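# Architecture and fold: a report
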Amino acid sequence: MSNPKHTLFWMTLFLGVVAIVGALIHKPLISAFMANWVFNLLILGVLIVGIALTYRQVFVLFPELKWVAQFRTGHAGLSVVQEPKLLKPLARQLGEDATKDRFTLSTLSLRTVLDGIHSRMDEQREITRYFISLLVFLGLLGTFWGLLGTINSVGQVITGLDMSQEDFGKVFAELQEGLLTPLEGMGTAFSSSLLGLGGSLILGFLDIQAGHAQNRFYDGLEEWLTGVTNLVDRVDSEKDLS
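Owing to the predicted nature of the structure, the values given are computational and were not obtained by experimental measurement. The written sequence of each chain sets the order in which its residues are numbered from 1. Given that the model is predicted, a residue must reach a pLDDT of at least 70 before its local features are reported, and side-chain atom pairs must reach 80 or more before they are shown or counted; all residues, however, enter totals for whole chains, interfaces and linings. Computation of side-chain values: all heavy atoms of the structure, hydrogens and water removed.

### So, the UniProt feature "transmembrane region" (unreviewed entry) in the chain
- As recorded in UniProt, the feature "transmembrane region" (unreviewed entry) lies at residues 7–25, 37–55, 130–148 and 189–208.
- Put simply, DSSP H or I for four residues or longer makes a helix, DSSP E for two residues or longer makes a strand, and each gets a number counted from the N terminus. Span residues 37–55 is 100% helix and 0% strand, its end C-alpha atoms 27 Å apart.
- Secondary structure content for residues 130–148 is 100% helix and 0% strand, and the end C-alpha separation is 26 Å. UniProt positions are given in the numbering used here, feature names are shortened, and annotations may be inferred rather than shown by experiment.

### Things to note about the nonpolar core
- Grouping buried Ala, Val, Leu, Ile, Met, Phe, Trp, Tyr and Cys residues that are joined through side-chain atoms within 4.5 Å yields what is termed a nonpolar core. For every residue, the accessible area obtained with a 1.4 Å probe (protein chains only) is divided by the maximum for its type, and the residue is called buried under 20%, exposed over 50%, and partly exposed between those limits. Core analysis: the biggest nonpolar cluster contains 20 residues, and Leu-87, Ile-117, Leu-221, Trp-224 and Leu-225 have the highest contact counts within it.
- Put simply, the parts of the chain that give this core at least two residues each are helix H4 (61–73), helix H7 (107–160) and helix H9 (180–241).
- With six residues, H9 is the largest single contributor of residues to this core.
- Counting residues in hydrophobic clusters, the runner-up holds 18 residues, among them Met-11, Ile-43, Leu-47 and Tyr-55.

### Quick word on helix H1 (residues 5–24)
- Given a helix with a known number of residues, its expected span is that number minus one, times 1.5 Å. End to end, H1 covers 29 Å across 20 residues, agreeing with the expected 28 Å (1.5 Å per residue, within 8%).
- Taken together, the buried positions of H1 are occupied by Thr-7, Leu-8, Met-11 and Gly-22. The buried residues of H1 occupy one face: seen down the axis, they fall within an arc of 100°. Of the exposed residues in H1, the ones pointing more than 90 degrees away from its buried face are Lys-5, His-6, Ile-20 and Leu-24. The arc under discussion is defined with respect to the helix axis, by the directions toward the C-beta atoms.

### A look at the layout of surface pockets
- Here the largest pocket defines a volume of roughly 610 Å³.
- Within this scheme a cavity is a closed region of a 1 Å grid, computed over the protein atoms alone, that accommodates a 1.4 Å probe without allowing it to escape, whereas a pocket is open but has protein on both sides within 12 Å along at least five of seven lines; lining residues each have an atom within 4 Å of a point. Taken together, 21 residues line the largest pocket, and the ones lying closest to its centre are Val-18, Gly-22, Leu-29, Leu-195 and Ile-202.
- Where the lining of the largest pocket is concerned, the elements lending two or more residues are H1, helix H2 (26–34), helix H3 (37–59) and H9.
- Broken down by element, the residue count for the lining of the largest pocket peaks at six residues, all from H1.
- Amino acid classes used here: Ala, Val, Leu, Ile, Met, Phe, Trp, Tyr, Cys and Pro are nonpolar; Asp, Glu, Lys and Arg are charged; the rest, including Gly, are polar. Across the lining of the largest pocket, the residue classes tally to 16 nonpolar, five polar and no charged. Grid points are joined across faces, edges and corners, and a volume is the space filled by probe spheres set on the points.

### Details of the packing of H2 against H3
- Relative orientation of the contacting elements H2 and H3 amounts to 110°, with a least axis distance of 7 Å. Taken together, the axis directions place H2 and H3 in an arrangement best described as roughly perpendicular. Here Ala-32, Phe-33 and Met-34 of H2 lie close against H3, whose contacting residues are Trp-37, Asn-40, Leu-41 and Leu-44.
- The residue inventory of the contact of H2 with H3, partitioned by class, reads six nonpolar, one polar and no charged. Lines fitted to the C-alpha atoms define the axes, with helices restricted to the stretch that makes contact. Angles between their N-to-C directions range from 0 to 180 degrees. Roughly parallel here means an angle under 35 degrees, roughly antiparallel means over 145, roughly perpendicular means 65 to 115, and every remaining angle is called oblique. The contact criterion used throughout is that any non-hydrogen atoms of two residues lie within 4.5 Å.

### A word on the pattern of salt bridges
- By definition here, a salt bridge exists when the distance from a side-chain nitrogen of Lys or Arg to a carboxyl oxygen of Asp or Glu is within 4 Å. This model, assessed by the stated rule, comprises one salt bridge.
- Between Asp-207 and Arg-125 there is a salt bridge, with the nearest N and O atoms lying 3.0 Å from each other. Of this pair, Asp-207 sits in helix H9 while Arg-125 sits in helix H7, and the two are 82 residues apart along the sequence.
- Exposure remark for Asp-207: the relative accessible area of 5% places this residue in the buried category.

Pasting the structure below:
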């Protein structure tokens, strides 16, 4: 089976590249973040939690691989190994055979076990996909929040202008001063969109890599179990013919 360490390497390398790019353009990023630091801090927190969940999807494969490796050796002592989480349907299906380090599985049981494992993997990935969508939603929410404040501020500036004054320089100065608040609202809108969409792209790439690791693990497990199941069926058929 494929080693998930390669996936962890590419995920960490990608985050390192993102960190380097962020360090090179840290000044505009800090300005954008401080435009609405409360809302943007929420987006950053969601991103960090999402990254931790994607790494967890890969780390949970190591105990499963250890369990499979211990099982395939055929040595005694499998019963003392901690019961796997993703492969729990397989461990339960083997039952007492697992403690004796023997393996028998029918074709129907194989399909049931693989479907159970696949559903468990999908459940884990659904959480990460939700966080990706949540980052996009928070970015759009910040955009509309900032635009709403901009519209209200522009309306107040327009209604507050006194066009009856003869000194148009003073009117222009009041207009210029009044537009500062709407511009702050635009900064809030676009900074939230920037961080939300950027965070969704980062988390999306990590989710793809974690999904590849899970798919390779599942494919290797399916090939192994299918080969063993065919062997069992063939032995049973030879016994029936004899």
